[in-house]
Amino acid sequence: MIYKKIAGISMWQLNRTLKKLAFARMELEKQMRKELIVVLLEPKKAKVLATAEEKKEIEQAVWELSGFETLRLCLLEDCKPVYMEKVNNNGVSRWLEIPVNPLITYEFLSETQESQVKIG
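The residue numbers shown here count from 1 along each chain, following its written sequence. Given that the model is predicted, a residue must reach a pLDDT of at least 70 before its local features are reported, and side-chain atom pairs must reach 80 or more before they are shown or counted; all residues, however, enter totals for whole chains, interfaces and linings. In computing side-chain values, all of the structure's heavy atoms are included and hydrogens and water are not.

Each helix and strand in the protein was counted, giving 5 helices and 5 strands. Secondary structure elements are defined from DSSP: runs of H or I of at least 4 residues count as helices, runs of E of at least 2 residues count as strands, and each element is numbered from the N terminus. Helices and strands appear in the protein in the N-to-C order β-β-α-α-β-α-α-β-β-α. Per-residue accessibility, obtained with a 1.4 Å probe over protein chains only, is compared with the maximum for each type, and a residue is labelled buried under 20%, exposed over 50%, and partly exposed between these values. Put simply, the protein has 120 residues, and 34% of those count as buried. Contacts in the protein between residues far apart in sequence, at least 24 positions, make up 63% of those at least 6 positions apart. In the form shown here, the protein has an accessible surface area of approximately 8700 Å², with 55% of it arising from carbon and sulfur atoms. When checking whether two residues touch, look at their non-hydrogen atoms; a contact exists if any pair is within 4.5 Å. Note on areas: these come from Shrake-Rupley sampling with a 1.4 Å probe, and a residue is covered only by the protein chains present in the view.

Spelled out as C-alpha cells, the structure:
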C-alpha cells in the first residue's frame, strides 16, 4: 500500500514526510500554523476538485500510514487528518491539515517561590 498512489499522491513520499515531522522538532514547528500541522501535497494540473468519496479514501489511506501513526504517538494526541483543496490559476493546490492542541507547558515552582507565594 505504501508504494501506491492515491489521486496522484505518492503514499511513500507522504509517509516519509510524516515520519520526518514526527522525529524532527524544528521541521514540525515549521509546518505548524495556528494549532494545525499543514503538509503540502503535489498539486493537480486539472481544475477538478475531489469528490467526497475520494477525500474519504485519501484521509483513510493517510490514517493507515506508519508515518502518521508515529506522528500521533510523538504528539501524544488522537488527531485526524483532513484533506483540503483549493482551485487556483495553475490547477488545484492540495494539502493535509492535522489539528493539534496547543502544547501545554507546566511550570513547577521551586521551594523559594512556593514560600514567597504562601507569605504574600
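Working definition: rings of Phe, Tyr and Trp (its six-membered ring) pair if their centres are within 6.5 Å, and the pair is stacked with planes under 30 degrees apart, edge-to-face with planes over 60 apart, and tilted otherwise. Here the structure, examined in full by the defined rule, presents 1 aromatic pair. For the ring pair Trp63 and Phe68, a centre distance of 5.5 Å and an interplane angle of 45 degrees mean the geometry is tilted.

A separate point is helix α4 (residues 66-75). By the burial criterion, the buried members of α4 are Gly67, Phe68, Thr70, Leu71, Arg72 and Leu75. Backbone geometry just downstream of α4 places Leu76 in the positive-phi region, at approximately 55 degrees.

Next up on the list: the nonpolar core. What makes a nonpolar core is a set of buried Ala, Val, Leu, Ile, Met, Phe, Trp, Tyr and Cys residues whose side-chain atoms join them at distances within 4.5 Å. In this structure, Leu14, Leu18, Ile37 and Leu71 are the most contacted members of the largest nonpolar core, which totals 24 residues. Those elements that provide at least two residues to this core are α1 (11-23), β3 (36-44), α3 (52-64), α4 and β5 (91-99). In terms of residue count, the dominant contributor to this core is α1 (5 residues). Residues contacting Leu14, with those up to four places away along its chain left out, are Ile9, Val39, Leu41, Val62, Leu65 and Leu96.

Within the fold, Leu76 resides in the loop between α4 and β4 (82-88). Sequence separation between Leu76 and Val100 is 24 residues; the distance between their C-alpha atoms is 9.7 Å.

For β5, the buried fraction is high: 7 of the 9 residues fall into the buried class. Bridge analysis of β3 against β5 gives 7 bridges, and the strand direction is antiparallel. In the sheet register, Leu40 faces β5, and the bridge partner there is Trp95. Pairing between β4 and β5: 7 bridges, direction antiparallel. In the sheet register, Asn88 faces β5, and the bridge partner there is Gly91. When DSSP finds two or more bridges between two strands, those strands count as paired.

To continue, consider the side chain of Glu97. With respect to the element layout, Glu97 can be found in strand β5. Among the residues examined, Glu97 registers a relative accessible area of 19% and is labelled buried. Identification of polar contacts relies on pairs of N or O atoms within 3.5 Å, with a donor-acceptor requirement for protein atoms, meaning one able to donate a hydrogen and the other able to accept it, and with residues adjacent in sequence counted only if both atoms are side-chain atoms. A polar contact is formed between the side chain of Glu97 and the side chain of Trp95, at a distance of 3.0 Å. Aside from chain neighbours lying at most four places away, what touches Glu97 is Leu36, Ile37, Lys80, Pro81, Val82 and Met84.

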